[in-house]
Amino acid sequence: MHIRPANLTFLLCSLLASLQAVAAKPEPAAEKHETATCIVPAKPGGGMDLTCKLAQAATASQPMQINYLPGGVGAIAWTTIISQRKAEGNTLVAYSGGSLLNLAEGKFGKSDASNVRWVAAIGTDYGMIAVRKDSPYKNLRELMDAIKSKPANIAIGAGGTVGSQDWLKMAQIGKQAGIDSKTMRLVAFEGGGESFTALLADHVQAVSGDASEASLHARDDKIRVLAILSDARLPGPLANVPTAREQGFDVTWPIIRGVYMGPQVSDKDYQKWVSYFQHAMNTPAFDEQRKIHGLFPFAMTGKELTDYIQKAVANYRLQAKEFGMVR
């Protein structure tokens, strides 16, 4: 085939332009991570807030914002995720042992542990009982004796209503002190942050809450933690606080903390987050962040965590039945 000079020039120019365009084409941009969301199912300042902040620190390579969705001590967030946001691949929700207790008691409606996807447990906390620094009660025995003598005079701040984990802690201690749990004056708040605010304002005289929350306030030297509900004394800011067992009350209350996702999140997205946390929790940096957030070592993910939670919910149900709290 004969190509005329003019046509040959046109073809060469076209080929050169094409090669230049290919050479000038930029490299594919690095994959941009969509900003994830960690939902705190309570108001700011409590243990759920700490959980999302630790999750945020654990996944530094993945941008994460924190949103607050309080209501029903976790029920609003739970219902929202399983009904309206069930397939969101970058939405995590904080949970605690209190969430599992609510499930066990039927406070999340007809839901059970299989209605969400459990991603990770990233630390553990423990129950504690605290009063103001200027309180006349110097130990747990003195506080319980005062409640037994004049229960109406001592308001106890708690995250949640009758049947919540903060209430159940006090009910178990009260039972061993010979106190009818129905006589205790419990004031319900939407999370531990509100409970401590009320304590410092002297609206309540004691708080049943969590050690991680108490650690933050103990640094300001405005509260006195009377007892830790753990097997042994804890390291860190509360190292000098005796356990309830040391004071004659055989009550322990470990509280796992972590995150879950909606029931229809894809396996790909679910495994992505499981892997994120598995990797993060194997680093010294995460250990340090967990200490900063007042939590203690406990790491579990995926199926192992799901099986653990099923058993934990069953155990909570047995404890709650003892006080007639299962619906």
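Residues numbered from 1 in each chain as written. Predicted model: local features only at pLDDT ≥ 70, side-chain atom pairs only at ≥ 80, totals over all residues. Heavy atoms only, no water.

J.: A description of the overall build of the protein chain should follow, citing residues and the corresponding values.
T.: Of regular secondary structure, the protein chain possesses eleven helices and ten strands. A total of 327 residues make up the protein chain; the buried ones form 51% of that total. Taking the intrachain contacts of the protein chain between residues at least 6 apart in sequence as the baseline, contacts between residues at least 24 apart amount to 79%. In the structure as shown, the protein chain presents an accessible area of about 15,600 Å², 54% of it carried by carbon and sulfur atoms. (Helix = DSSP H or I, 4+ residues; strand = E, 2+ residues; numbered from the N terminus. Buried < 20%, exposed > 50% of the residue type's maximum accessible area, 1.4 Å probe, protein only. Contact = heavy atoms within 4.5 Å. Areas by Shrake-Rupley, 256 points an atom, 1.4 Å probe, with all protein chains shown as cover.)

J.: Before we move on, could you go through the packing of helix α4 (residues 97–105) against helix α11 (residues 302–321) and cite the residues and values that matter?
T.: Where α4 meets α11, the closest approach of the two axes is 8 Å, and the angle between their N-to-C directions is 65 degrees. Relative to α11, α4 is oriented so that their crossing is right-handed. Contact residues: α4 offers Gly 97, Leu 100, Leu 101, Leu 103, Ala 104 and Glu 105, while α11 offers Ile 309, Ala 312, Val 313, Tyr 316, Arg 317 and Ala 320. Per-class residue counts for the contact of α4 with α11 are nine nonpolar, one polar and two charged. (Axes fitted to C-alpha atoms, helices over the stretch in contact; angles between N-to-C directions. Left-handed = near helix turned anticlockwise from the far one by under 90°. Nonpolar A, V, L, I, M, F, W, Y, C, P; charged D, E, K, R; others polar.)

J.: Explain the pattern of salt bridges to me, and be specific about the residues and the numbers.
T.: Proximity of charged atoms lets side chains of opposite charge pair with each other. Applying the stated criterion across every chain yields a total of 17 salt bridges. When the shortest N-O distance is used, the salt bridge between Glu 194 and Lys 43 registers 3.0 Å. Taken together, the residues span a long stretch of sequence, with Glu 194 in helix α7 (residues 192–200) and Lys 43 in the loop between β1 (36–40) and α2 (47–58) at a distance of 151 residues. Note that Asp 166 and Lys 169 form a salt bridge whose closest N and O atoms lie 2.7 Å from each other. Of this pair, Asp 166 and Lys 169 both sit in helix α6 (residues 165–176), three residues apart, which is roughly one turn of that helix. Across this residue pair, the class does not change: Asp 166 and Lys 169 are buried. Put simply, Asp 125, Asp 166, Lys 169, Asp 210 and Arg 257 are held in one network by salt bridges that share partners. (Salt bridge = Lys/Arg side-chain N within 4 Å of Asp/Glu carboxyl O.)

J.: Kindly report on the state of the cysteines, identifying the contributing residues and their values.
T.: By the definition in use, this model includes one disulfide. Residue pairing for Cys 38: its cysteine sulfur links by disulfide to Cys 52, the two sulfurs lying 2.1 Å apart. Here the S-S torsion is close to -80 degrees, and the disulfide linking Cys 38 with Cys 52 is therefore left-handed. Placement of Cys 38 in strand β1 and of Cys 52 in helix α2 is noted, with a sequence separation of 14 residues between them. In terms of burial, Cys 38 and Cys 52 fall into one category: buried. (Disulfide = S-S within 2.5 Å.)

J.: How would you explain the packing of helix α5 (residues 140–149) against α6 if you had to name every residue and give the values?
T.: Look at α5 against α6: their axes get within 11 Å of each other, and the N-to-C directions meet at 85 degrees. One way to sum up the angle between α5 and α6 is to call them roughly perpendicular. Taking contact as the criterion, the partners of Leu 140, Met 144 and Ile 147 in α5 are, on α6, Met 170, Ile 173 and Gly 174. (Parallel < 35°, antiparallel > 145°, perpendicular 65-115°, else oblique.)

J.: Residues and numbers for unusual backbone geometry, please.
T.: In this structure, Asp 202 takes a positive phi of about 65 degrees despite not being glycine. In this structure, Asp 202 sits in the loop between α7 and β7 (206–210). Residue classification places Asp 202 among the partly exposed residues on the basis of a relative accessible area of 44%. Unlike most non-glycine residues, Asp 221 shows phi in positive territory, near 60 degrees. Following the sequence through the fold, Asp 221 ends up in the loop between α8 (211–218) and β8 (223–229). You can call Asp 221 partly exposed: its relative accessible area is 47%.

J.: Describe the packing of aromatic side chains, with residues and values.
T.: Applying the stated rule across the entire model yields twelve aromatic pairs. Summarising the aromatic geometry, the rings of Trp 273 and Phe 277 are spaced 6.3 Å apart at their centres and angled 35 degrees between planes, so their arrangement reads as tilted. Highlighted residues: Trp 273 and Phe 277, both in helix α9 (residues 267–280), separated by four residues, approximately one helical turn. Here the two residues Trp 273 and Phe 277 agree in accessibility, since each one is buried. Relative to Tyr 308, the ring of Phe 298 lies with its centre 5.4 Å away and its plane at 55 degrees, an arrangement referred to as tilted. (Phe/Tyr/Trp six-rings, centres within 6.5 Å; stacked < 30°, edge-to-face > 60°.)

J.: Can you lay out the nonpolar core for me, pointing to particular residues and giving the numbers?
T.: Within the largest apolar cluster, 54 residues are counted, with the highest numbers of intra-cluster contacts made by Tyr 95, Leu 100, Trp 118, Met 144, Ile 147 and Ile 309. The dominant element in this core, judged by the number of residues it contributes, is α11, at six residues. With residues up to four places along the chain from it excluded, the contact list for Met 144 reads Met 170, Ile 173, Gly 174, Ala 177, Ile 179 and Phe 249. Of all hydrophobic cores here, the second largest spans 28 residues; its members include Ala 58, Ile 66, Tyr 276 and Ala 280. (Core = buried A, V, L, I, M, F, W, Y, C linked by side-chain atoms within 4.5 Å.)

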